[in-house]
Amino acid sequence: MVIKLDEVVISGLTKNFDDLTAVDHIELNVPKGSIYGLLGPNGAGKSTTIRLLCTLLKPDDGTAYVSGLDIIESPVQVREITGILPEEGNHTLYQTLSGYENLEYFARLYDVPEEEIPERIEELLTFMDLWDRKDDPAGELSTGNRQRLALCRALLHKPKVLLLDEPTAALDPVAAKRVRELILSFSEKYGQTFFINSHNLSEVQRMCDKIAIIDEGKILLSGDTQELRTRFQTSQDFRIRVVDDLEKAGSIAESLDFVTSMKKEADTIVVTIEDPFNNNSNLMQSLLSQGIKLVEFAEEEATLEDLYLDVIKEGGAK
Amino acid sequence: MALYKSILVAKVDLKMAMKVRMVKFGLIGIGALGPLMMIGIVALLVYGDPVIGLLILPSISAILAPMLGMIVIIPASMIAANALVGEKEMNTLEPLLSTPLTDRELLLGKLLSSFVPSMALLLGSIVVSEIGTFIILWSVGAEFILIPGIPGLFLLLTAGPTLIVAIVAVMILISGKVKRVYEAYQMSGAIVMVFIIPMMLPMMTMEATGTVDINLVWMWNIITFLITLVLAASTWALAVRRFNRDTMISM
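Residues numbered from 1 in each chain as written. Chains lettered and ligands numbered in written order. Predicted model: local features only at pLDDT ≥ 70, side-chain atom pairs only at ≥ 80, totals over all residues.

Re the overall build of chain B
Worth spelling out the cut-off: Helix and strand assignments come from DSSP, with helices taken as H or I runs of at least 4 residues and strands as E runs of at least 2, each series counted from the N terminus. What the globule rule says is 2.2 Å times the number of residues to the power 0.38, and the radius of gyration is computed from C-alpha atoms. Between the buried cut of 20 or more and the exposed cut of 12 or fewer other C-beta atoms within 10 Å of a residue's own C-beta lies the partly exposed class, and all C-beta atoms are placed from the backbone.
In terms of helices and strands, chain B carries ten helices and zero strands. Relative to a compact globule of 251 residues, whose C-alpha radius of gyration would be 18 Å, chain B shows 20 Å and is just as compact. Residue burial in chain B is summarised as follows: out of 251 residues, 48% are buried.

Okay, structure coming up:
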């Protein structure tokens, strides 16, 4: 018997559509209880990966295990323990049925015990601030509300693994923020594993513990979000405020080899340095050793953008 | 296999189909057309020339029964077209196929959503036709005869359901090949034209004189039933075997 410690284990998964290889022998491990982000441009193979994981598509090669269940050998059991929010999830509801009827239908299809259905629906709709709109036809709800309703549908049967395809696409910033908060609070409350497809870097950065970058069906990079951000960061900005002599601090910083740029903003200088992992302490020491009294020495939060663009451009050379 | 899940799918399908104006009014229109045609022909014969009309009425029954059958199988194709391709067009197929429904539960649900209303329409048409005929014959003081008669009822209640199954099965088979409901409607129209051919066979029993040999009518009705039975069994088996989630989603 094979024991899989990770909640989702993808092994050599491949899917072809005629001449196009949408997913090309990918390998990924998604730890239990994590929020895992699959990043990539449009057409990279993200949606196909999710459709393979929820057994909508059959792989041409390789397989995947969801909570230890093989997607090829046990498709029905895999569907029982997964919840899916398809791409453009807000369009995947029965528009003429009410929100409540939509959820009731799927609760029964997912074998939620009959006596628990009303309670479960009320809990989710209340949590998503949709209880007052429960009798409205789904088609009459706003895009954001429909997306939240689709998310309720995915969560109804308390799945072990949530597969969310672009959960905030087509949402306005407020609605997107609300959906992100809901995902984070559900992850915290129930410890479910989330596998999220996105091309929204800031979204992934805010939510995901781990990420993988996919392009042309191949995984170019995968790992811990914070670690990747640090590891591949070639430069970083530092915001510096000093007690009095800002000009002197600026001159010292500019004289250093590893400083690539320096700009002044009111009472602050923003210094960009190369190899921040090794050089941030050198910068601070240089300033202190020349009598500069620091009020603030803060690193600007690194983003995934540079990493993402580099990796996509170089096709995983890193 | 959980039958209640198939019934659940059928109920929601039917509810959704009834919200499509073309299907709803199509069902009402076609449902009314059969009995109206039957009663109209009986009225023309009986009130036109009662002597000849009452004489050839039993023979006409052999032709009218298959026509009633042909008319009520059309709604089955319309609902079936809406059931699978409609889900695809409305983008509800992906979440539905992501549930633990098995292929058999899903297909049985799709069959029931077409079969139940079509059978209700068929039985309703028969009852209305019989009542209409009774009133017309009673109004002229003639002896009551069943229109459709016993051979016709046999044909409708055996070949009718099997033909509905065959048409739904073919709609399932083509649902993986088309993207839009209107394409499915067009294809269903063409398929109905082919599938009603067996229903025309009993009409060949009428002789030039307008009379029929009742033994010949029975023979053709039984042959028609057997043909539709083979058609239903083979197309349904093929639909179950060929149903492919992959194709449904990839299209």
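Once you've had a look at it, read on.
Structural notes on the overall build of chain A
Let me state the cut-off plainly: By the convention adopted here, residues are in contact when the distance between their C-beta atoms, placed from the backbone, does not exceed 7 Å.
When its secondary structure is counted, chain A shows eleven helices and 14 strands. Along the first, second and third principal axes, the C-alpha atoms of chain A reach 75 × 45 × 35 Å. Put simply, chain A has 318 residues, and 43% of those count as buried. Of the contacts made within chain A by residues no fewer than 6 positions apart, 69% connect residues no fewer than 24 positions apart.

Comments concerning the interface of chain B and chain A
Accessible area lost upon the coming together of the parts is a frequently used measure of interface size. Rule in force here: Note on residue classes: Ala, Val, Leu, Ile, Met, Phe, Trp, Tyr, Cys and Pro are nonpolar, Asp, Glu, Lys and Arg are charged, and everything else, Gly too, is polar.
Contacts between the two partners involve 20 residues from chain B and, on the opposite side, 24 residues from chain A. Taken together, the elements giving at least two residues each to the side of chain B that touches chain A come down to helix H1 (3-17), helix H4 (93-97) and helix H10 (245-250) of chain B. Partitioning the side of chain B that touches chain A into residue classes produces nine nonpolar, six polar and five charged.

Overview of the sheet that holds strand S4 (residues 61-66) of chain A
In any sheet, the strands associate via hydrogen bonds between backbone groups, in a parallel or an antiparallel arrangement. Residues and elements named next belong to chain A. Under the convention used in this document: Note on pairing: two strands pair once DSSP finds at least 2 bridges between them. Orientation is described by lines fitted to C-alpha atoms, with helices fitted over the stretch in contact, and by angles between N-to-C directions that extend from 0 to 180 degrees.
Pairing is antiparallel across the open sheet formed by four strands, whose spatial order is S2-S1-S4-S5. Across the chains shown, the open sheet's two edge strands, defined by having one partner strand only, are strand S2 (20-30) and strand S5 (69-70). Pairing of strand S1 (residues 8-17) with S4 involves five bridges; the strand directions are antiparallel. Looking across to S4, one finds that Ile-10 is bridged to Ala-64. Packing of helix H1 (residues 46-53) onto the sheet brings it into contact with S1, S2 and S4, and relative to S2 it is tilted by some 65°.

Examining the environment of Gln-226 of chain A
Residues and elements named next belong to chain A. Along the chain, the position of Gln-226 falls in helix H8 (residues 225-231). Residue classification places Gln-226 among the exposed positions, given that 12 C-beta atoms sit within 10 Å. Note: C-alpha distance between Gln-226 and Val-161 (65 residues apart in sequence) is 23 Å.

Here's the deal with the pairing of strand S11 (residues 235-242) of chain A
Residue and element names in this part refer to chain A. Residues Gln-236, Phe-238, Ile-240 and Val-242 point to one face of S11 and are all buried, whereas Ser-235, Asp-237, Arg-239 and Arg-241, pointing to the other face, are not buried. The pairing of S11 with strand S13 (residues 268-274) spans six bridges and is classified as antiparallel. Bridge pairing in S13 links Phe-238 to Val-271.

Observations regarding the pairing of strand S12 (residues 259-265) of chain A
Residues and elements named next belong to chain A. One ladder, built from six bridges, connects S12 with S13; its direction is antiparallel. When the bridges of S13 are listed, Ser-261 appears paired with Thr-272. Taking the residues between adjacent antiparallel strands as the criterion, S12 and S13 are bridged by two residues, where Ala-266 takes a positive phi near 55°.

Remarks on the sheet that holds strand S6 (residues 82-85) of chain A
Residues and elements named next belong to chain A. Here we have six strands laid out as an open sheet, ordered S6-S7-S8-S3-S9-S10, and mixed in their pairing. Where the open sheet ends on each side, the last strands, each with one partner, are S6 and strand S10 (218-224). Averaged over all adjacent pairs, the angle separating strand axes in this sheet is 15°, with direction ignored. Strand direction decides the pairing type here: strand S9 (residues 210-215) and S10, joined by six bridges, are antiparallel. For Lys-210, the partnering residue across the bridge sits in S10 and is Asp-224. Against the sheet, helix H5 (residues 143-155) engages S6 and strand S7 (161-165), with an angle of about 165° to S6.

With respect to the packing of helix H6 (residues 150-175) of chain B against helix H7 (residues 181-195) of chain B
Residues and elements named next belong to chain B. Rules: Working definition: roughly parallel below 35 degrees, roughly antiparallel above 145 degrees, roughly perpendicular at 65 to 115 degrees, and oblique for all remaining angles. Definitions for this section: a left-handed crossing has its near helix turned counterclockwise from the far helix by less than a right angle. A right-handed crossing has that turn clockwise.
Interhelical geometry of H6 versus H7 gives an angle of 140° and a closest axis separation of 10 Å. As summarised for this structure, H6 and H7 are arranged oblique, according to the angle between their axes. As H6 runs across H7, the sense of the crossing is right-handed. Here H6 contributes Leu-163, Ala-166, Ile-167, Val-170, Met-171, Ile-174 and Ser-175 to the contact with H7, which in turn contributes Ala-184, Met-187, Ser-188, Ile-191, Val-192 and Phe-195. Split by residue class, the contact of H6 with H7 holds eleven nonpolar, two polar and no charged.

Quick look at the domain arrangement of chain A
Let me state the cut-off plainly: Delimitation of the domains relies on an automatic or database domain assignment.
Along its sequence, chain A is carved into domain 1 (8-223) and domain 2 (234-301). With centres defined by C-alpha atoms, the gap from domain 1 of chain A to domain 2 of chain A works out at 43 Å.

What about the nonpolar core?
Selection rule: Any nonpolar core is a set of buried residues, restricted to Ala, Val, Leu, Ile, Met, Phe, Trp, Tyr and Cys, that join up through C-beta atoms within 7 Å.
Residues Leu-53 and Phe-195 of chain A together with Ile-167 and Val-168 of chain B are the most contacted members of the largest nonpolar core, which totals 146 residues. The greatest single-element share of this core, amounting to 20 residues, is contributed by helix H3 (residues 50-89) of chain B. Beyond its immediate sequence surroundings of up to four residues, Ile-167 of chain B is in contact with Ile-73, Ala-76, Ser-77, Ala-80, Ile-191, Val-192 and Phe-195 of chain B. Counting 13 residues, the second largest nonpolar core, distinct from the first, contains Ile-240, Ile-252, Ile-273 and Ile-292 of chain A.

Regarding the packing of H3 of chain B against helix H5 (residues 103-139) of chain B
Residues and elements named next belong to chain B. Contact pair H3 / H5: the axes reach a minimum separation of 9 Å and the direction vectors enclose 155°. Between H3 and H5, the angle is such that the two are roughly antiparallel. Our pair here, H3 against H5, has a crossing hand that is right-handed. For the pair formed by H3 and H5, the contact residues are Leu-68, Val-72, Ile-73, Pro-75, Ala-76, Ile-79, Ala-80, Ala-83 and Leu-84 on the first element and Lys-110, Ser-113, Ser-114, Pro-117, Ser-118, Leu-121, Leu-122, Ser-125 and Ser-129 on the second. Classifying every residue of the contact of H3 with H5 by side-chain character gives twelve nonpolar, five polar and one charged.

Quick look at helix H9 (residues 246-255) of chain A
Residue and element names in this part refer to chain A. As a reminder of what qualifies: The arc in question is the one traced by the directions running from the helix axis out to the C-beta atoms.
The set of residues buried in H9 consists of Ala-249, Ile-252 and Ala-253. Each buried residue of H9 lies within a common arc of 95° when the element is viewed along its axis, so the set occupies one face. Exposed residues lying more than 90 degrees from the buried face of H9 are Glu-247, Ser-251, Glu-254 and Ser-255.

Looking at unusual backbone geometry
All names here are of chain B. Omega for the peptide link from Ile-147 to Pro-148 comes to 0°, which places this bond in the cis form. One non-glycine residue, Asn-91, lies in positive phi territory at about 65°. Along the chain, the position of Asn-91 falls in the loop between H3 and H4. We classify Asn-91 as partly exposed; it has 17 C-beta atoms within 10 Å.

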